Amino acid sequence: MNLFELTAHEAHEKLVKKEVSSVELTKALFDRIDKVEKDVRAYVTLDRENALAQAKKVDDLLAAGKAVPALAGVPGAIKDNISTLGLRTTCSSKILENFIPIYDAHVIANLRKDETIFLGKTNLDEFAMGSTTETSYFGASHNPWKLDCVPGGSSGGSAAAIAAGEAVWTLGSDTGGSIRQPASFCGCVGLKPTYGRVSRYGCVAFASSLDQIGPITRDVTDAALVLNTICGKDVHDATSLDVEVPDFTKALVADVKGMKIGLPKEYFSEGVDPKVKDCVMAAAKKFEEMGATIVDISLPHTEYAVTTYYIIAPAEASANLARFDGVRYGHRNMEAASAPEMTAISRTEGFGAEVRRRIMLGTYVLSSGYYDAYYNKAMQVRTLIRRDFEDAFKKVDVILTPTCPVTTFSYSDKMDPLSIYMLDVSTIPVNMAGLPGISVPCGFVDGKPVGLQLIGKVLDENSILRAAFTYEQATDFHKQFAPLGGNK
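Residues numbered from 1 in each chain as written. Predicted model: local features only at pLDDT ≥ 70, side-chain atom pairs only at ≥ 80, totals over all residues. Heavy atoms only, no water.

Caption draft 1: Quick peek at the overall build of the protein. The number of helices and strands found in the protein is 15 helices and 11 strands. Judged by the C-alpha coordinates and their principal axes, the protein covers about 65 × 55 × 45 Å. Taken across its 488 residues, the protein has 61% of its residues classed as buried. Long-range pairs, those at least 24 residues apart, make up 76% of the contacts in the protein with a sequence separation of at least 6. Seen as two clouds, the 52 positive and the 60 negative side-chain charges of the protein have centres 1 Å apart. (Helix = DSSP H or I, 4+ residues; strand = E, 2+ residues; numbered from the N terminus. Buried < 20%, exposed > 50% of the residue type's maximum accessible area, 1.4 Å probe, protein only. Contact = heavy atoms within 4.5 Å. Lys, Arg positive; Asp, Glu negative; His and termini not counted. Charge placed at Lys NZ, Arg CZ, Asp CG, Glu CD.)

Caption draft 2: Representation of the sheet that holds strand β11 (residues 448-455). Read from one edge to the other, the open sheet built from 11 strands follows the order β1-β3-β2-β4-β6-β5-β10-β11-β9-β7-β8, with strand pairing classed as mixed. Two strands in the sheet have a free side with no partner beyond their single neighbour: β1 (43-46) and β8 (293-297). Within the sheet, the average angular offset between the axes of one strand and its neighbour, ignoring direction, is 30 degrees. (Pairing = 2+ DSSP bridges. Axes fitted to C-alpha atoms, helices over the stretch in contact; angles between N-to-C directions.)

Caption draft 3: Region of interest: the side chain of Ser 199. Residue position: Ser 199 is located in the loop between β5 (189-192) and β6 (212-217). With a relative accessible area of 0%, Ser 199 lands in the buried category. A polar atom in the side chain of Ser 199 sits 3.0 Å from the backbone nitrogen of Tyr 201. Each residue touching Ser 199, except ones within four places of it in the same chain, is listed here: His 106, Val 107, Ile 213, Asp 234 and Asp 237. (Polar contact = N/O pair within 3.5 Å; in protein donor to acceptor, adjacent residues only side chain to side chain.)

Caption draft 4: Geometry of the pattern of salt bridges. Taken as a whole and judged by the stated rule, the model has 17 salt bridges. The residue Asp 80 makes a salt bridge to Lys 121 at a minimum N-O spacing of 3.2 Å. With a gap of 41 residues between them, Asp 80 in the loop between β2 (75-79) and α4 (106-113) and Lys 121 in strand β3 (residues 117-122) connect regions that are remote in the sequence. With relative accessibility at 0%, the residue Lys 121 sits in the buried group. The salt bridge partner of Asp 391 is Lys 394, with a shortest N-O separation of 3.6 Å. Here Asp 391 falls in the partly exposed class, since its relative accessible area comes to 41%. Its relative accessible area of 68% is what places Lys 394 among the exposed residues. A single salt-bridge network, built from bridges that share partners, covers Glu 354, Arg 357 and Arg 358. (Salt bridge = Lys/Arg side-chain N within 4 Å of Asp/Glu carboxyl O.)

Caption draft 5: The packing of aromatic side chains, seen in detail. Enumeration according to the criterion identifies 18 aromatic pairs in this entry. Pairing Phe 127 with Phe 351 gives two aromatic rings, centres 5.8 Å apart and planes at 70 degrees, and the pair type is edge-to-face. Remark: Phe 351 occurs in the loop between α10 (339-350) and α11 (353-366) and Phe 127 occurs in the loop between β3 and α5 (156-163); sequence separation between them is 224 residues. You can call Phe 127 buried: its relative accessible area is 3%. Where Tyr 137 meets Phe 138, the ring centres are 5.3 Å apart and the plane angle is 70 degrees; that geometry is what we call edge-to-face. Judged by relative accessible area, Phe 138 falls into the partly exposed class, the value being 24%. Pairwise contacts between aromatic rings join Phe 99, Phe 127, Phe 324, Tyr 329 and Phe 351 into one cluster. We note Arg 32 situated over the ring of Phe 4; from NZ or CZ to the ring centre the distance is 4.2 Å. (Phe/Tyr/Trp six-rings, centres within 6.5 Å; stacked < 30°, edge-to-face > 60°. Lys NZ or Arg CZ within 6 Å of the ring centre and 35° of its normal.)

Caption draft 6: Looking closely at the pairing of β8. When strand β7 (residues 260-264) meets β8, the two strands line up parallel, connected through five bridges. Bridge pairing links Gly 262 to Val 295 in β8. Considered for its hand, the β-α-β crossover made up of β7, helix α8 (residues 274-289) and β8 is right-handed. (Right-handed = clockwise from strand over helix to strand, strands pointing away.)

Caption draft 7: A look at the packing of helix α9 (residues 305-320) against helix α12 (residues 371-392). Following both chains from N to C, one finds α9 and α12 inclined at 125 degrees, their axes separated by 9 Å at the closest point. With respect to their mutual orientation, α9 and α12 come out oblique. Note on packing geometry: the crossing formed by α9 with α12 is left-handed. Across the interface between the two elements, Ala 305, Thr 308, Ile 311, Ile 312, Ala 315 and Glu 316 from α9 touch Tyr 374, Tyr 375, Ala 378, Met 379, Val 381, Arg 382 and Ile 385 from α12. A class-by-class count of the residues in the contact of α9 with α12 yields 10 nonpolar, one polar and two charged. (Parallel < 35°, antiparallel > 145°, perpendicular 65-115°, else oblique. Left-handed = near helix turned anticlockwise from the far one by under 90°. Nonpolar A, V, L, I, M, F, W, Y, C, P; charged D, E, K, R; others polar.)

Here's what the structure looks like:
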């Protein structure tokens, strides 16, 4: 096995047994990046010098006989909308092309405490607004399974890096599916925690009531390890929940006997590729064979989720992105004759078409005379969506759905914005209700990965991790490497 193919828990075991050094492991990852990055384009920024220096530090700790945390010396990568002290953070936007933060996000500070290594910052749809990475100012990333296809988005670079063997673990952010959908497209594991479980401090805001940071990894064990590190109350984030953080690895028990798993009919209806549906239903049958009870349920307001999301999310984005005005930091037009003109031109030049579209949509729905008709009503529908889940969880322990209704598709298959928005029809409701969700590989359609989504109750990551781990141990989809990402 090549070093770049190791999972985080495998790498940790080899490090503590001194079968490999962190410097060797980090160099192997950079060698892999040098070999395939020109085709994958998963990264916006690499940080070789600091990564190798950190690797040497961990090797010294191990040589001195020190015990180290599970992610110490294990190289990962960070989605480029998460603030990293001294390391460029661009949100894949021209307006922040050269921005270098003066502070770490809370999750980054936690990872640094555990002596983790950051290889660099990964590509994304601009300001996390998209489902393909096509809206990135730095150009689209490519899916390692099929290089002419999209890796998903907005955390497409993070998922592509895992699938290509360019990182052992990565962080993404998820506002409407941006961790789970690219994980599905790239054959990875992607976990969105409960809203408030992980601090949003230092994650450049898209939609503040929906955003959550989470891991993208090769297997469920790694997802639990990363979640252990990044969780916890943060005084800098008012939405951060002051709750006990369990050891999520204790949920990794291969046993679903007695677990009730709900299949919502709305997630298997028109619009789902029949081959994707077959893969997910085969996974449901596998759960049943392993002792779980499959329960048919209904989430009746699902059909309104995408429409509701594209009122609430752009409205919050319109407010959050108002700070990028060319005055304090970021791109500034130097030829304007006045301050208002400078701001207008700077924002026009700095934001891409999709970001401008969502800002205008959000500004419209918040404007006088439309707030009640659109935003206020959308918030009421959001409550109905959340209540659907509350009612369902009175009958079941977890809910199983396709992560995405289709598999990855070619960049040449130009899709209109509405069709792109519908890619997240299965994931958006989870964000609207603030629930945890995980995507795990469950098959292939024409050589392209398929993901199944497991949804849990608020703060019940343990149940979805247990179910995901049990399924993973009974299958080998997570062990499949992309032709680019394996031994080729």
